[in-house]
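# Per-entry structural report
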Amino acid sequence: MRNVVLLGPPGAGKGTVASRLVREFGFLHVSTGDMLREEVARGTPLGQLAQGYMARGELVPDEVILSLVRQRVDAQKGVLFDGFPRTVAQAEGLERFTSVDVVVFLEVERDEVVRRLSSRRVCGTCGAVYNLVTQPPREPGKCDRCGGALIQREDDKPEVVARRFEVYMRDSAPLVAYYERRGILRRVRADLPPEDVFRAVAEALR
Ligand SMILES: [Zn+2]
């Protein structure tokens with residue numbers, strides 16, 4: 001079984017692709033974001049350490065992330081790394097205990113990301129999520145579930161989305177170049193319908 005890294009800016013549909021890969025190909029899903037939240041919730045020593053960094057608004061150090069990933073990696077099963085590695089140092093650390101066979105980079109234009117994410121609305125009362133383009137509420141501005149008012153989160157405002165995209169592309173460029181040099185990077189267009197994106201990803205994994 002092969003180990004895969006999934007990269008892509010916010011709004012590229014990484015979550016959708018990841019959950020389908022896990023379901024259809026049986027990957028072990030390693031999401032460092034989820035794992036950190038679990039460790040914090042369980043109050044483990046690692047969780048307490050990580051929480052300290054996050055509370056100070058600092059990045060959790062590479063060594064902490066790597067030890068978290070290391071305890072989860074299973075030699076028997078292909079792993080899908082999601083949200084990790086984030087830096088070249090993490091990528092090098094990962095290779096000290098397991099191999100990476102394919103890196104899929106979901107590519108999407110900034111304007112498309114802005115269009116997708118800025119059409120997201122959430123219910124201010126119950127938190128239900130809508131999308132004005134792909135999943136609109138039955139009645140404009142009103143939650144189907146509880147009738148609450150739909151609002152746009154600060155994070156989803158066009159200028160904030162554009163900024164998050166730029167930051168992601170800038171920060172991940174060295175990582176993309178690193179995997180490109182090793183000849184294992186596969187670029188997949190993520191601005192197509194979800195079905196086509198998934199087919200292209202599955203193709204890239206062959
Ligand atoms: Zn609601």
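Residues numbered from 1 in each chain as written. Predicted model: local features only at pLDDT ≥ 70, side-chain atom pairs only at ≥ 80, totals over all residues.

### Here's the deal with the overall build of the chain
The condition is simple: Where helices and strands are cited, they refer to DSSP runs of H or I of at least four residues and of E of at least two residues respectively, numbered from the N terminus. We take the radius of gyration over the C-alpha atoms and set the globule estimate at 2.2 Å times the residue count to the 0.38 power. The burial criterion counts other C-beta atoms lying within 10 Å of a residue's C-beta, which is placed from the backbone; the residue is buried at 20 or more, exposed at 12 or fewer, and partly exposed between these limits. By the convention adopted here, residues make contact when the C-beta atoms placed from their backbones lie within 7 Å.
Within the chain, the regular secondary structure consists of 8 helices and 8 strands. Against the globule reference of 17 Å for 206 residues, the chain gives a C-alpha radius of gyration of 18 Å, in line with a compact fold. Considered along the principal axes of its C-alpha atoms, the chain spans approximately 55 × 40 × 30 Å. Put simply, the chain has 206 residues, and 26% of those count as buried. Excluding contacts between residues fewer than 6 apart, the proportion of contacts in the chain whose partners are at least 24 apart in sequence is 70%.

### Here we look at helix α1 (residues 14-25)
Stated formally: The span you would expect from a helix comes to 1.5 Å times its residue count less one.
Across its 12 residues, α1 extends 16 Å between first and last C-alpha, which sits within 8% of the 16 Å expected from 1.5 Å per residue. In the core, the buried residues of α1 are packed alongside β1 (4-7), β2 (28-31), β3 (79-82), β4 (102-107) and α8 (194-204). Just past α1, the residue Gly26 takes up positive phi, approximately 70 degrees.

### So, the pairing of β1
Put simply, the rule reads: Two strands qualify as a pair provided DSSP detects at least 2 bridges between them.
Taking every second residue as pointing to the same face, both faces of β1 are buried, with Val4 and Leu6 on one and Val5 and Leu7 on the other. Both β1 and β3 contribute to a ladder of 3 bridges, which runs parallel. In the strand pairing of β3, Leu6 is matched with Asp82.

### A short note on the nonpolar core
What counts here: The term nonpolar core refers to a set of buried Ala, Val, Leu, Ile, Met, Phe, Trp, Tyr and Cys residues connected through C-beta atoms within 7 Å.
Judged by nonpolar contacts, the single largest core of 39 residues is most densely connected at Leu6, Leu80, Phe81, Val104 and Leu106. Excluding residues within four positions of it along the chain, Leu80 makes contact with Val4, Leu6, Ala18, Leu21, Val22, Phe27, Leu28, His29 and Val30.

### Brief notes about the environment of Ala91
For Ala91, the position within the fold is in helix α5 (residues 88-95). Expressed as a C-alpha distance, the spacing of Ala91 and Val5, which sit 86 residues apart in the sequence, is 9.9 Å. Apart from residues no more than four positions distant in its own chain, Ala91 is found in contact with Pro85, Leu175 and Tyr178.

### Some remarks on the sheet that holds strand β7 (residues 150-151)
Across the sheet, which stays open at both edges, the 3 strands sit in the order β6-β5-β7 with antiparallel pairing between neighbours. Both outer strands of the open sheet, β6 (129-131) and β7, are each paired with one neighbouring strand and no more.

### Looking at the sheet that holds β2
Keep this limit in mind: Lines are fitted to the C-alpha atoms to define the axes, a helix being fitted only along its stretch in contact, and any angle between axes, read from their N-to-C directions, falls within 0 to 180 degrees.
Pairing is parallel in the open sheet, where 5 strands are placed in the order β2-β3-β1-β4-β8. Looking at the sheet topology across the chains shown, the edges are occupied by β2 and β8 (185-189). In this sheet, adjacent strand axes meet at a mean angle of 20 degrees when their direction is disregarded. The strands that α1 touches are β1, β2, β3 and β4; relative to β3, the one it contacts most, it runs at about 165 degrees.

### Overview of unusual backbone geometry
Of the consecutive residues Phe84 and Pro85, the connecting peptide bond is found in the cis state with omega at -10 degrees. With respect to the helices, strands and loops of the structure, Pro85 is situated in the loop between β3 and α5.

### Concerning the pairing of β4
Summarising the sheet, β1 and β4 pair through 4 bridges and their orientation is parallel. Note that in β4 the partner of Leu7 across the bridge is Phe105.

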